[in-house]
Amino acid sequence: MRHILRVVRPVSTRTRGTALDTLPGLFPDIFPGSTAASNLIPLTPEARDQVRDLLASPDFDAWSEALSRVGNCSHPVRLRGWSETVDTSTGEILSKYSSGTEPLGVTHIRCGNRRAQECPSCSRLYAADMFHLIRAGVAGGKTVPATVAENPLVFATFTAPSFGAVHGRRDNGRRCHPQARGSLLCEHGRPRTCPAAHAEDDLLLGLPLCGDCYDYASHVVWQWWAPELWRRFTISLRRLVAKALSVPAVRLSDRATVQYAKVGEYQRRGVVHFHALVRLDGPRTPVGFAPAPCLDAAHLAELVQAAAAGVRLTVPGVDADDLSRVLVFGRQGDARPVRVSRRTHDPDHALAPEQVAGYLAKYATKSATESGSRGNAHHRRISATVAQTVRPGDRLRIGRRRPHSL
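Residues numbered from 1 in each chain as written. Predicted model: local features only at pLDDT ≥ 70, side-chain atom pairs only at ≥ 80, totals over all residues. Heavy atoms only, no water.

> Talk me through the pattern of salt bridges; I want residue IDs and the actual numbers.
Side chains that carry opposite charge are capable of pairing whenever their charged atoms lie near each other. Across all of its chains, the model carries 10 salt bridges by this definition. The closest approach of N and O atoms between Glu228 and Arg231, which form a salt bridge, is 2.8 Å. A residue pair is termed a helical-turn pair when its members lie 3 or 4 positions apart in one helix, as Glu228 and Arg231 do in helix α6 (residues 216-244) at three residues. Assessed through its relative accessible area of 41%, Arg231 is described here as partly exposed. Arg251 is paired through a salt bridge with Asp254; the nearest N and O atoms lie 2.6 Å apart. Look at Asp254 and you get partly exposed, because its relative accessible area is 42%. (Salt bridge = Lys/Arg side-chain N within 4 Å of Asp/Glu carboxyl O. Helix = DSSP H or I, 4+ residues; strand = E, 2+ residues; numbered from the N terminus. Buried < 20%, exposed > 50% of the residue type's maximum accessible area, 1.4 Å probe, protein only.)

Here it is in structure tokens:
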């Protein structure tokens, strides 16, 4: 293990000057009439005192150096300790390291949180790594042979079924729920229609038209079992691919290998849906995978859609009085071939590798709270249902009510 000497360098005059230039914006009472740094987020009195003390502190240079080494991580991990590398044959100490030699006397490392709202810096780094990793799987590179670009590739979306009508945006500016079958009012006396064409920032998006009609219990049950539903989909897809290649499912690996890259994203209604890349390769080889069998991307997309539409997962009741549920994916799923030969923004054409890599990298850094307000009554009711449902050590428990198949 080679020891690397770390030297604390003071920040440049320019950096210190930039930091000091923020003072008028942070302390307008001390610098009246100044417009500098007017776009800064307002600070609490306590935070202002901390910033003032930090900028005036003799440790400012060391703090700046430590912050730069972790790329402005919002919540760096602080470690204390020391290590030695010793040649066991001679007893010679080859290198030493102590956190005491670091700026501020501790070793700072990135928190590594991929959620943008928790740590923008680590999230950007994660997204960049994810982009290059996925793009390599699409078009080759990073030790992945370029021949994978010739294999069938599909970008698919798997949604949850409906648990009740919710406000949403429709294609071509159409209205939310302009019509309703039967009565215009639900059994709780609330409208079953919504004539609005919601804007992107409308706070109603994702909220049920009637919270009492919305099946919160099934919402939570589906969310709980969604990973298993995905696993069943992968099994179904392999069987369909084997059938298309006219080989027994147990011998599929002799002809083809199905690869996946999947991330989850929360919809505004608070339920997860999956985005995935599905690639069809040939059998495994010492250097990777052989060329794909005679299935093109369009045919693979059809098989993905058929597997998603046909998969079923029957889950037991949550207590003795509960009925079993049959879980499925929603009808709003989609599967599209990915074209590596040219980039296009035409929705009627195949996607380009840069697009799908960017999509999945973005989704991988989002959290549930970034898909809509977490403070509305709908999300609070989901949380309350979860709190009443899952207990430590329990498989799943929901209040006694008659469920229905999804």
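This is not the end of the story, as more comes after the structure.
> Residue-level account of the sheet that holds strand β7 (residues 272-281), with values.
Read across the open sheet, the four strands follow the order β6-β7-β5-β12; overall the sheet is antiparallel. If you trace the sheet from one side to the other, it starts and ends with β6 (257-266) and β12 (334-337), each paired once. Each adjacent strand pair in this sheet contributes to an overall mean axis angle of 15°, direction not counted. Taken strand by strand, α6 contacts β5 (153-158), β6 and β7, and its axis lies near 155° from that of β6. (Pairing = 2+ DSSP bridges. Axes fitted to C-alpha atoms, helices over the stretch in contact; angles between N-to-C directions. Contact = heavy atoms within 4.5 Å.)

> Tell me about the pairing of strand β3 (residues 93-98), and please be specific about residues and values.
Across five bridges, strand β2 (residues 82-86) lies against β3 in antiparallel orientation. From the neighbouring strand, Trp82 faces β3, where its bridge partner is Ser98. Taking the residues that link successive antiparallel strands as the turn, the β2-β3 hairpin has six residues, and the phi of Gly91 there is positive, at about 80°.

On their own, these measurements won't tell you what the molecule is for.
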